[in-house]
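# Report on the structure
Below are the chains, spelled out letter by letter.
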Amino acid sequence: MKLNPKANVVAFLQDVSNCKGQVFFSTKEGDLLNLSSTLSQYVFAVITAKPELLATGQVVCTEPSDASALAAYLTEED
């Protein structure tokens, strides 16, 4: 799933911290940013400021219930 470009990133990251499993942002280069890591959150924040980078990445949840909890921030559009 992709992050909705209009999503509130701060609220998204707060909700990620409540997830049971791991939540990653996968870049087109194959890098995985673990969004529970402060350093990865910083890199992710920089990526969200560049729409062309954000549009090419994917949010990956290891637990299906986490994907449901984050559904308000995600979209299936390319």
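Preceding block: the structure.
Now for the nonpolar core. With 17 residues, the main nonpolar core has L3, F12, F25, L35, F44 and L70 as its most contacted residues. Of the residues forming this core, the biggest block, 3 residues, is contributed by helix α1 (residues 9-16).

Moving on: the environment of T62. Tracing the chain through its elements places T62 in the loop between β4 (58-61) and α4 (64-69). With a relative accessible area of 43%, T62 lands in the partly exposed category. Here the alpha-carbon distance between T62 and Q22, two residues 40 residues apart in the chain, equals 5.4 Å. With residues up to four places along the chain from it excluded, the contact list for T62 reads G21, Q22 and F24.

In this section: the sheet that holds β4. Taken in spatial order, the 3 strands of this open sheet run β3-β2-β4, and their pairing is antiparallel. The open sheet is flanked by β3 (32-34) and β4, the only strands paired with a single partner. Between one strand axis and the next, the sheet turns by 30 degrees as a mean value, whatever way the strands run. Each of β2 (23-26) and β3 is contacted by helix α2 (residues 38-48), which is oriented at about 120 degrees to β3, the strand it contacts most.

Across the two faces of β2 the burial is the same, with V23 and F25 and F24 and S26 all buried. Two strands pair when backbone bridges link them, and β2 and β4 are joined in this way by 4 bridges, in the antiparallel orientation. Residue S26 lies in a different strand from β4, and its bridge partner there is Q58. Linking two consecutive strands that pair antiparallel, namely β2 and β3, is a turn of 5 residues; a positive phi of about 95 degrees is found at G30 within it.

Another point: the packing of aromatic side chains. Scanning all chains against the criterion turns up 3 aromatic pairs. Aromatic side chains F12 and F44 sit 5.9 Å apart centroid to centroid with 40 degrees between the ring planes, which places their arrangement in the tilted category. Taken together, the residues span a long stretch of sequence, with F12 in helix α1 and F44 in helix α2 at a distance of 32 residues. Taken individually, F12 and F44 each receive the classification buried, so the pair is uniform in this respect. Taken together, a centroid distance of 5.1 Å and an interplanar angle of 65 degrees make the contact between F25 and F44 edge-to-face. Within this pair, whereas F25 is found in strand β2, its partner F44 is found in helix α2, the two being separated by 19 residues in sequence. For the pair F25 and F44, a shared accessibility class is recorded, and that class is buried.

Definitions and limits used
- Residues numbered from 1 in each chain as written.
- Predicted model: local features only at pLDDT ≥ 70, side-chain atom pairs only at ≥ 80, totals over all residues.
- Heavy atoms only, no water.
- Core = buried A, V, L, I, M, F, W, Y, C linked by side-chain atoms within 4.5 Å.
- Buried < 20%, exposed > 50% of the residue type's maximum accessible area, 1.4 Å probe, protein only.
- Helix = DSSP H or I, 4+ residues; strand = E, 2+ residues; numbered from the N terminus.
- Contact = heavy atoms within 4.5 Å.
- Pairing = 2+ DSSP bridges.
- Axes fitted to C-alpha atoms, helices over the stretch in contact; angles between N-to-C directions.
- Phe/Tyr/Trp six-rings, centres within 6.5 Å; stacked < 30°, edge-to-face > 60°.

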